[in-house]
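Each chain, letter by letter, is given below.
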Amino acid sequence: MNTPFEGFPEGKSRIVYVRPVAVEDLPEEVRAQVGDAGVIYSVHAVDGQRLALVADRALAFNLARAHDFAPMSVH
């Protein structure tokens, strides 16, 4: 998957949520970019807006922290 990342939105809340996403639940154009992975991770704003899709959980947390957000895991 190679999609440019434009950064997280500005706002009051500095919390984002990280959750696993089954690749089979994603649109076909996204599945085509993922490859053989069965699960990837999404980063969401507090309002539920998907901000990013990344290959693994550690990358999702690092991406959030790099933009001064506090990542929280959602199960």
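Bear in mind the structure is a predicted one, so any value in this text is a computation, not a measurement.

Participant: Quick question: what am I supposed to make of the sheet that holds strand β4 (residues 70-73) here?
Facilitator: Hydrogen bonds between backbone atoms are what pair the strands of a sheet, whose relative direction is either parallel or antiparallel. Spatial ordering of the open sheet is given by β3-β2-β1-β4, a layout of four strands whose pairing is mixed. Because the sheet does not close on itself, it has two edges, and the strands there are β3 (50-54) and β4. Adjacent strand axes in the sheet meet at a mean angle of 30 degrees, parallel and antiparallel pairs treated alike. Packing of helix α2 (residues 57-66) onto the sheet brings it into contact with β1 (15-22), β2 (39-44), β3 and β4, and relative to β4 it is tilted by some 150 degrees.

Participant: Just checking my understanding: could you explain the nonpolar core for this structure?
Facilitator: Across soluble globular proteins, nonpolar side chains show a tendency to be buried alongside one another. With 12 residues, the main nonpolar core is built from V16, V18, V43, A45, L51, A52, V54, A60, F61, L63, A64 and F69. At the level of secondary structure, the elements contributing two or more residues to this core comprise β1, β3 and α2. For this core, the leading source of residues is α2, giving four residues. Not counting residues up to four positions away in its chain, the partners in contact with A45 are Y17 and L51. Core analysis: the next-biggest nonpolar cluster, separate from the first, contains seven residues, L26, V30, V34 and L53 among them.

About the thresholds
Residues numbered from 1 in each chain as written. Predicted model: local features only at pLDDT ≥ 70, side-chain atom pairs only at ≥ 80, totals over all residues. Heavy atoms only, no water. Pairing = 2+ DSSP bridges. Helix = DSSP H or I, 4+ residues; strand = E, 2+ residues; numbered from the N terminus. Axes fitted to C-alpha atoms, helices over the stretch in contact; angles between N-to-C directions. Contact = heavy atoms within 4.5 Å. Core = buried A, V, L, I, M, F, W, Y, C linked by side-chain atoms within 4.5 Å. Buried < 20%, exposed > 50% of the residue type's maximum accessible area, 1.4 Å probe, protein only.

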